[in-house]
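Given next are the chains, with one letter for each unit.
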Amino acid sequence: MSEILAFLKTIEDEAKTAIENASDKAVLDSVIYSYLGRKGKLAEISRGLGKLDPQSRPQVGARLNELKKRLTDLAEKKTGILTSTLTSADTFDYTLPGKRAFVGRRHPLMQTVDRIVNIFRGMGFSVATGPDIDTEFNNFDALNTPEDHPARDLSDTFYIRKGILLRPHTSTVQIRTMQAQKPPVRIISPGRCYRSDTPDASHSPVFYQCEGLFVDEHVTFGDLKGVIIQFAKDMFGPRIKVRFRPHFFPFTEPSAEYDFSCMICGGNGCRVCKNSGWLEISGAGMVDPEVFRAVGYDPDRVTGFAFGMGVDRITMLRYRIGDIRLLYENDVRFLRQF
Amino acid sequence: MKISVNLLRKIIDFDWPVDKVVERLTMSGSEVEAIENKGSDIEGILAAKVIEVSKIEGSDKLTCCTVFDGKEKIDVVCGAPNVAKDQVVLFAPVGSKIPGMTLKKAKIGGKESFGMILSEAELQLSDNADEIAVLDDSIKPGKSLEGIVEYKDTILELEITPNRPDCLSHIGIAREVQALGGGKLRMPDINLNEIDKPASEAVKIVIDDPDGCPRYTGRVTRNVKIAPSPLWLKMMVYYLGMRPINNVVDITNYVMLELGHPLHAFDFDLFKKPQVLVRNAFEGEKFITLDEVERTLNSNHLLITDSVSGVAIAGIMGGEHSEVSEKTSHILLESAYFDPVTIRRGSKALGLATESSRRFERGADPDMAPVANDRACKLISEIAGGEILKGIVDTYPKPFMPVEIDLKPENVNHLLGTDLSPDTMCDILNGLNINTENRNGLKAVQPSFRPDLVREVDLSEEIARIYGFDNIPTVFRPGGTLGAEETKMERITGQVRSYLTGAGGTEIFSLTLVDSLLTKRLGLLESSVTVMNPLSEEMAVVRPGMLLSMLPVIRRNINFKEKDLFLYEIGDIYLLSDKEELPPQQNCLAIALTGNESPVFWGSAQRKSDFHTIKGLLENLADYLKLGKINLRPEDYFAFEKSRSFEVYIGDINIGYLGSVSDGCLSTADIKDKVHFVEIDMCKMVDLIPESITAKELDRFPSADRDIAVVIDENIKAEDIRTEIIDSSKGLATDVLIFDLYRGKNIPDNKKSLAFGIKYRLPDRTLTDDEVDDVHGRIAEALKSKFGAELRS
Ligand SMILES: [Zn+2]
């Protein structure tokens, strides 16, 4: 008996679809005829009831009558629609939303990393990586950082144990690369960094940096300027201006801080740039000879430059994000915007 | 460091407007962080004489005063306790301006008041708000404030880098201005009037630790009168960020700000012996500093003593006992040079940083010590009176030995990419008061105020920053191809991200420092890398698995009613290892699903993500990456439900784990919804992906498609049946799909029905019906005998 009931269900689905899809009165009439007419499918099944065993006959009969009534009602309704002034274009509601899947998103920070990598790849830099947890030697000693420099303090840097720490910059990768490879070197090293900063709108204890290193014979401060300026223009558009201010870092000399003209106000001064027209980006400079000595390069033969940048900061400027924590909270309402 | 433009102009003549000073200093390395215009909102203030004071009835504070402003008598109500007849005071008449207000006629205590007698604080000349400012009697009523004190000033807040202690002073900044072409520096006047009695008879200086204290100078001044400083001095000290105390202390601070050298004045009468002994403190020695705090010293601290007991912690802070007070009349003025490292360690050990320690620990100028002493004594004798004993007692056991630096001009140009002449370089260095001669290359002598200049490259930096980074020609090199290829890892990582984003996944980037409590509750703390000095327990563990940072992200989003999540992250996990120096780091892909599989749709009901959703996602990804077939092997993983916990294999290689997060784990993470999760080791996965793809020829002959449905025991796995179908087809079954799983009506308990669609195919011809019937039958037989399968039609 289950077979016949299943069959009825199939017939019902077919008939409903045919009625729904009938585009005019003539088509509908022929559908009605083929299912509900005297020689239609339901009549045919009705005639076959006699062959069933007497016990199941009433049940199937009842289902058949139900079906007949449902299809008749449906056909009448459809007839009403088709004979009214409404056309099928009127009744077809194309404004109902489409059948969608979830839309995926790339994290804005990762999009920025990709963009940075692409820009520098175009300038001949390859990507180098290294571990987040590294030795004090790679983090500080090799970078000419004095023994009692505050950056080494427990209040500034996270330690795993004595001599092993969570890197506060990706300069470790520069050291590792130079230790492993003879010059020339042209790399960037994007990656997570760690500093013991209480989280607020502009600080996160875990953050994302990208550093660059270019070592060869005849690399000059003029080359450093060229690379940073090219990057600024590729990242933020051709109107961006760059300025270099002398600064101090133990691992470079001369050292500079570089600023981009404020992309929010176009350099005219606004709240974000504190009315200066400039936004401080990060530090750069010519690699200190002591660093070359620490990795076994000959400072009389090669020169080089290094630079850093906060990928979070670039991302925040790129999308006008006011709070760094948004980048690390992973609220999908935020991520959906990118 | 705060710099007063007025004070700067006293040391160097320059005609630059302030904005040019700001620009040039910023662009040469002393960044101007803030500019304060002092006195710009003050107008019309003048000196006036108080000619009458009377109490106002019913008020114990207010008085009614009559003042004379040089032209007329004016009534004014005053609330200050120190107002008195015949004082010359600062007066704001009606219509004048003080910071924050314009004076108007007012009624105070029932009396009309036509102006205001001012305190220094009301004019922001000092922090003294308790009393009115009383001027020198010699000042004539009617004299304008401009004529009394140079209160209009511009204060620049400079960021001084740690290598430039010399710039923590006006003279240092003046030297920068000089080098930048602003004018010529001139030293302040230090010509003293001394009395005949020699200072060397009044005080002896003994240095026990010449490494800690290479130089100590002392001068003795008798019969000084301690009093508040004159207005100009108070104001300058206050403008530069310090509190005015009294004339002698203010002078020591003023000279420190002017010349950069910290000084300390002792009440010499309180010395038990007229002998300074500079020695190391004893371990645990107690000393009360002038802020009335008892400090415990260690043996690395340098203590200034009167040869009996301590009088100051060298270079950090003086002692309470010998502090200059109103009673003081004899002064010993110390101007010493202390070792930077000793002061830095000492200051750190005490947790006490002062204006003095900040300068010594970065490196003061040993040759400035006597100059600063002379300068301060000159001002003391002028302002506080007193007789300066003849001579300076100067103990200098370790004289400064300047480094002579050879500079090859071609090296400088080579480093900077410039074409500067040796003469230009020479001029720049001499402008910075670095004595340099141009003979056969440049020879420079390190100045005593520049501890940072010892190498050629240090001088290159000086040349670069004074020449101007902006003036160095910018070079745009062609890109080149130096090792800039993309690694397989980078390429595949990009593909994974594109695929998952396209499939609807949201990429997250979570913190690698995770909650120690969550880690502990999940039983992973013992096997995790932990931070020795965490900011908080919530960020104390370096994540041992991606799930630990994923779960809090899921919880956060669910809390904000974002319940349908498909999140992924490519990041690192960190493992504990006894063998390796550094904890091994593993790059991982993590995917988590929770809630509905797809967005709400009006035409059909939503389905929840489940185990097979995440499995399908991984299978799709594997397919996309050409990774090969994913096999799951049951394995208990701490976070997963027992029956839904698997290791992921490609062939024999375990690349990760997949499963449904257990209720216990979810409740630990405070999540109520089901979460399905997979973590894959990126390195292992990438290794398994073929380097290249070779296109296959397409099948030229159509397949014969047949279905087979079998009823089998519940514990038989679909994959085993599927494998058997393929094996027993002798290679004819090229595709076997499971298209239905049915339990219920007509299927006995503990049984299930599985339906397979099979494509039979030969590469070189079409199969005949007989052949297909034959193999299909063989398969049915095999399933029957191996699994007791019952065919269902
Ligand atoms: Zn702006």
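Scroll up for the structure.
Residues numbered from 1 in each chain as written. Chains lettered and ligands numbered in written order. Predicted model: local features only at pLDDT ≥ 70, side-chain atom pairs only at ≥ 80, totals over all residues. Heavy atoms only, no water.

1. Notes on the sheet that holds strand β43 (residues 790-792) of chain B
All names here are of chain B. One open sheet holds the four strands; their spatial order is β41-β42-β40-β43, and the pairing between them is antiparallel. The strands lining the two open edges of the sheet, one partner per strand, are β41 (733-742) and β43. When strand polarity is set aside, the average angle formed by the axes of neighbouring strands in this sheet is 35 degrees. Where strand β40 (residues 704-713) meets β43, three bridges bridge the pair, whose relative direction is antiparallel. By the bridge assignment for β43, Val711 is matched with Glu790. Contacting β40, β41 and β42 (751-760), helix α20 (residues 718-728) runs over the sheet at an angle of about 150 degrees to β41. Against the sheet, helix α21 (residues 769-787) contacts β40, β42 and β43, and its axis sits at roughly 15 degrees relative to β40. (Pairing = 2+ DSSP bridges. Helix = DSSP H or I, 4+ residues; strand = E, 2+ residues; numbered from the N terminus. Axes fitted to C-alpha atoms, helices over the stretch in contact; angles between N-to-C directions. Contact = heavy atoms within 4.5 Å.)

2. Focus on the sheet that holds strand β13 (residues 153-159) of chain B
All names here are of chain B. The antiparallel open sheet is built from three strands, whose spatial order is β1-β13-β2. Each having just a single partner strand, β1 (2-4) and β2 (31-38) make up the two edges of the open sheet. Here the average twist between neighbouring strands, direction ignored, is 25 degrees. The strands that helix α6 (residues 231-239) touches are β1, β2 and β13; relative to β13, the one it contacts most, it runs at about 35 degrees.

3. Observations concerning the packing of aromatic side chains
Here the structure, examined in full by the defined rule, presents 31 aromatic pairs over all chains. Three or more aromatic residues link up through ring pairs in this structure, and these residues are Phe120, Phe125, Phe214, Phe221, Phe231, Phe236, Phe244, Tyr258, Phe260, Phe305 and Phe307 of chain A together with Phe469 of chain B. The cationic tip of Arg333 of chain A hangs over the ring face of Phe560 of chain B; the distance from NZ or CZ to the ring centre is 4.0 Å. Lying across the ring of Phe449 of chain B, Arg175 of chain B places its NZ or CZ 3.5 Å from the centre. (Phe/Tyr/Trp six-rings, centres within 6.5 Å; stacked < 30°, edge-to-face > 60°. Lys NZ or Arg CZ within 6 Å of the ring centre and 35° of its normal.)

4. Considerations on the side chain of Ser662 of chain B
All names here are of chain B. Looking at the secondary structure, you find Ser662 in the loop between β38 (653-661) and α18 (663-668). Among the residues examined, Ser662 registers a relative accessible area of 14% and is labelled buried. Excluding anything up to four places from it in sequence, Ser662 contacts Ala639, Phe640 and Glu641. (Buried < 20%, exposed > 50% of the residue type's maximum accessible area, 1.4 Å probe, protein only.)

5. Remarks on the interface of chain A and chain B
The interface is formed by 90 residues belonging to chain A together with 86 residues belonging to chain B. Between chain A and chain B, the buried area comes to about 7400 Å², and carbon and sulfur atoms account for 59% of it. Of all residues in chain A, Phe102, Arg192 and Pro246 of chain A give up the largest surface area on contact with chain B, accounting jointly for 10% of the area buried on that side. Taken together, the links from chain A to chain B amount to 11 salt bridges. If you tally residues by element for the side of chain A that touches chain B, the top one is helix α9 (residues 221-236) of chain A, at seven residues. Its residues assigned to classes, the side of chain A that touches chain B shows 40 nonpolar, 22 polar and 28 charged. (Buried area = accessible area lost by both parts, 1.4 Å probe. Salt bridge = Lys/Arg side-chain N within 4 Å of Asp/Glu carboxyl O. Nonpolar A, V, L, I, M, F, W, Y, C, P; charged D, E, K, R; others polar.)

6. Describing the pattern of salt bridges
Tallied over the entire structure, the rule returns 83 salt bridges over all chains. Across the pair Asp572 of chain B and Arg192 of chain A runs a salt bridge whose closest N-O atoms are separated by 3.4 Å. Separated into two different chains, Asp572 of chain B in strand β34 (residues 565-574) and Arg192 of chain A in strand β5 (residues 185-194) make up a pair that spans both. For the pair Asp572 of chain B and Arg192 of chain A, a shared accessibility class is recorded, and that class is buried. Ionic pairing is found between Arg761 of chain B and Asp699 of chain B, a salt bridge with its closest N-O pair at 3.3 Å.

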